Amino acid sequence: MATITDSLAASGRSLRPSIGAIALSFLVVLFVVATANRTFWAKTALYFGGTPQALAVFAVGLVALLLAVCIALSMRFVAKPLFIFLILASACASWFMDRFGVVINVDMIRNAAETTHAEAGNLITPAFVWHIVLFGIVPSLLVAWVRVTHRPFLAKARFNSFFVLPLLLVAVLAASTQMRLLITTSRTHHDWLASLNPIGPIVGAVRYAASTEGEANIVVEPLGRDAHVAAPAGRKPKVVVVVAGETARAQNVSLGGYGRPTTPELAARDVTYFPDTTSCGTATAVSLPCMFSIYTRATYTHRKGLSTESLLDVLSHAGIAAEWWDNNTGDKGVADRVTYRFLPDSADPRFCTDGECKDGILLDRLGPWLDGVTRDSVLVIHQLGSHGPSYYERYPDAYRRFTPDCRTAEFADCSREEIVNAYDNTIAYTDHVLATVIDMLKNHQDRFDASMIYMSDHGESLGENGLYLHGAPYMIAPKEQTQVPFVLWLGGQDRAAVNGACLRQRAGEPASHDNLFHTVLGLMAVETRIYDPSLDVLSRCRNESSS
């Protein structure tokens, strides 16, 4: 019996082909370089200015370098897990790089790590699954199946060195012949090496892990503890609703001159629109905490945002009721110390499906909240807005104004016109949401003075230069990802306190997320040493009698 079992085991082993670790390293490197780096090679050809000889030399040097690293690490118990990880990581990253033109850096990884299951599910399409199967799972199974032959450790180290050292020499020689071109390209095009797959994403993941480890014990520093409301006794309560928009770009807002009527309801209200407004980042994980922080885009870092109290904390110190309602992926730490409501948890069937809710749920909850206001209050409502790629899920059928609209998260199945139509419908629905917020505030002006501020967190690419979605590194991000709509509506009391001509002039000047913190403080009449009137868009326009 033992003889039969041994015979069957030996027969099974004989069906598995054997391959040396060096040969397997070579095949894995060639596979990853050839199948997972379409975006990287396209950028390399473009940035090298169409010089085939330089491109060929660079390719040889790059393959030699990657091969040297893989051979050096191809030890027993290390080679297979390492190669499978590289193949799977490359397959996953290449899908998003090649389809959407994104760069998977530390901010993109942070954004992905902080997303919800519902948002992530929008990206898991049948085409994505097939891509992972064909370019990730199948080759990984082949690597797992074959028998890799290894020499004893010291013998293997000596043998591998006969390959590693010459390969490193080839890489150095290739780089030295193109050194000026490589330096110029890397300095001019910061997205170039970040697109090298899987090296770029791995570097981003390591940086994210390192930053997360360093943030574990951060102590939040107090801010604006001297804040107080400077207002006459006996006045009506003051209310400001701050709408934190999602993925709305300025280019598609008709208030700013877009050819389509995407914001007709706001146009019928007495709003002030700031057409030249820039975001702090190109992803929610960066922009949202930045816009509610005291720091400007030039001085903001993720660590500073975590270690310093936010605008909502300063309002609380001043005795103002501050509250955050979320219909998105969370507050990113901004509302950690104030009242917080995550509306998708309600699973309200009128608005919610599969863990996501249309923004109408915000309006449904707003009326009762306004009825209960008895003191100075600031409410932040965080929209789902125009978040892609499932634009069609962001608006009800009544707002399918631009058709045919893309009805899938798989952009390859839609024309660019259909994608833009779906996106414009999301802007039209946001227009309705904002106009309704304004009308609800107007209806309560007998009880309190009210105003509304709307700012989107970042923009969106819709196929320009082959880019879709958002999250590009800021220094190379197109304007479609950094120019955002900024809408201000002032209730009767606040409007009377402002010179209209001055405000119209200020609206024509550049604005940014830097202005939100101080503009809200100004609207709520908060006095504190941290208030900067130069960053309050209303400061210079207030009438002397109201200042």
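Cut-offs and rules
- Residues numbered from 1 in each chain as written.
- Predicted model: local features only at pLDDT ≥ 70, side-chain atom pairs only at ≥ 80, totals over all residues.
- Heavy atoms only, no water.
- Helix = DSSP H or I, 4+ residues; strand = E, 2+ residues; numbered from the N terminus.
- Buried < 20%, exposed > 50% of the residue type's maximum accessible area, 1.4 Å probe, protein only.
- Contact = heavy atoms within 4.5 Å.
- Areas by Shrake-Rupley, 256 points an atom, 1.4 Å probe, with all protein chains shown as cover.
- Lys, Arg positive; Asp, Glu negative; His and termini not counted.
- Charge placed at Lys NZ, Arg CZ, Asp CG, Glu CD.
- Pairing = 2+ DSSP bridges.
- Axes fitted to C-alpha atoms, helices over the stretch in contact; angles between N-to-C directions.
- Phe/Tyr/Trp six-rings, centres within 6.5 Å; stacked < 30°, edge-to-face > 60°.
- Lys NZ or Arg CZ within 6 Å of the ring centre and 35° of its normal.
- 1 Å grid on protein atoms, 1.4 Å probe; cavity = no way out; pocket = protein on both sides within 12 Å on 5 of 7 lines; lining within 4 Å.
- Points joined across faces, edges and corners; volume = space filled by probe spheres on them.
- Nonpolar A, V, L, I, M, F, W, Y, C, P; charged D, E, K, R; others polar.
- Core = buried A, V, L, I, M, F, W, Y, C linked by side-chain atoms within 4.5 Å.
- Salt bridge = Lys/Arg side-chain N within 4 Å of Asp/Glu carboxyl O.
- Patch = residues over 30% accessible without salt bridge, like charges linked within 9 Å, V, L, I, M, F, W, Y side chains within 5 Å.

A. Here's a closer look at the overall build of the chain. Helix and strand content of the chain: 22 helices and 17 strands. The C-alpha extent of the chain, read off along each of the three principal axes, is 95 × 55 × 45 Å. By the burial criterion, 53% of the 547 residues in the chain qualify as buried. A fraction of 77% describes how many contacts in the chain between residues 6 or more apart in sequence connect residues 24 or more apart. Only carbon and sulfur atoms are counted for the fraction: they give 61% of the accessible area of the chain, which is about 23,900 Å². A distance of 9 Å separates the average location of the 46 positive side-chain charges in the chain from that of its 51 negative side-chain charges.

B. Layout of the sheet that holds strand β4 (residues 238-245). Here seven strands make up an open sheet; going across it, the order is β5-β15-β12-β4-β11-β7-β8 and the pairing mixed. The open sheet has two free edges, formed respectively by β5 (271-273) and β8 (339-342), since each of these has just one partner strand. Averaged over all pairs of adjacent strands, the angle between their axes in this sheet comes to 15 degrees, without regard to strand direction. Examined bridge by bridge, β4 and strand β11 (residues 377-382) share six bridges and lie parallel to one another.

C. Summary view of the packing of aromatic side chains. Throughout the structure, instances matching the rule amount to 19 aromatic pairs. Taking the centre distance of 6.2 Å and the plane angle of 80 degrees together, the rings of Trp 325 and Trp 369 count as edge-to-face. Highlighted residues: Trp 325 in strand β7 (residues 321-326) and Trp 369 in helix α17 (residues 360-371), separated in sequence by 44 residues. Pair check on accessibility: Trp 325 and Trp 369 agree, each one buried. Put simply, the rings of Trp 95, Phe 96, Phe 100, Phe 128, Tyr 391, Phe 411, Tyr 423 and Tyr 468 pair up and form one aromatic cluster. The ring centre of Trp 325 lies 4.8 Å from the NZ or CZ of Arg 341, which sits over that ring.

D. Spotlight on helix α14 (residues 284-291). Of all eight residues making up α14, eight are buried, and the element is well covered by its neighbours. Those residues of α14 lying buried are Thr 284, Ala 285, Val 286, Ser 287, Leu 288, Pro 289, Cys 290 and Met 291.

E. Fine view of the environment of Ile 202. Structurally, Ile 202 is set in helix α12 (residues 199-215). Accessibility expressed as a relative area gives 25% for Ile 202, which makes it partly exposed. Other than its neighbours up to four places away in sequence, Ile 202 contacts Phe 85 and Leu 86.

F. Quick peek at empty space enclosed by the protein. Within this structure, the stated rule accounts for three cavities of 30 Å³ or more. There is about 70 Å³ of room inside the largest cavity. Here the lining of the largest cavity gets four residues from one element, more than from any other, and that element is helix α18 (residues 416-442). When grouped by side-chain class, the residues that make up the lining of the largest cavity number eight nonpolar, two polar and one charged. When its volume is computed, the second largest cavity comes out at roughly 40 Å³. Every residue lining the second largest cavity is listed: Phe 31, Val 32, Thr 35, Ala 36, Ile 87, Ser 90, Ala 91, Ser 94 and Phe 135. Elements supplying a minimum of two residues to the lining of the second largest cavity: α2 (21-35) and α5 (79-100). Ranked by the residues each element gives to the lining of the second largest cavity, the list is headed by α5, at four residues. Classifying every residue of the lining of the second largest cavity gives six nonpolar, three polar and no charged.

G. Structural view of the nonpolar core. Ranked by size, the top nonpolar core spans 65 residues in total, and within it Leu 441 and Met 452 carry the most contacts. No other element matches the 12 residues that α18 contributes to this core. Contact partners of Leu 441, with chain neighbours within four places excluded, come to Val 239, Val 241, Leu 370, Phe 448, Ala 450, Ser 451, Met 452 and Trp 489. Counting 43 residues, the second largest nonpolar core, distinct from the first, contains Ala 244, Leu 312, Val 380 and Met 524.

H. Region of the structure containing the pairing of β7. Of all six residues that make up β7, five are buried, and the element is covered over most of its length. As defined by bridge partners, β7 adjoins β11 across six bridges and the pair is classed as parallel. Its bridge partner being in β11, Asp 326 is matched across the sheet by His 382. In the sheet, β7 pairs with β8 via four bridges, with the strands oriented parallel. Opposite Glu 323, over in β8, you have Thr 339 as the bridge partner.

I. Up close: the pattern of salt bridges. Tallying each qualifying case throughout the model produces 26 salt bridges. The shortest N-O distance in the salt bridge between Arg 365 and Asp 348 comes to 3.0 Å. Residue Arg 365 is found in helix α17, and its partner Asp 348 is found in the loop between β8 and β9 (352-353); the two are separated by 17 residues along the sequence. Both residues of the pair, Arg 365 and Asp 348, count as buried. In this structure, the salt-bridge partner of Asp 364 is Arg 350, at a minimum N-O distance of 3.0 Å.

J. Up close: a nonpolar patch on the surface. Together, Leu 65, Val 69, Leu 73, Val 78, Leu 165 and Leu 168 make up an exposed nonpolar region whose accessible area comes to about 470 Å². Within the residue set of the nonpolar patch, elements represented by two or more residues are α4 (52-72) and α9 (153-177). Position of Leu 73 relative to the elements: it lies in the loop between α4 and α5.

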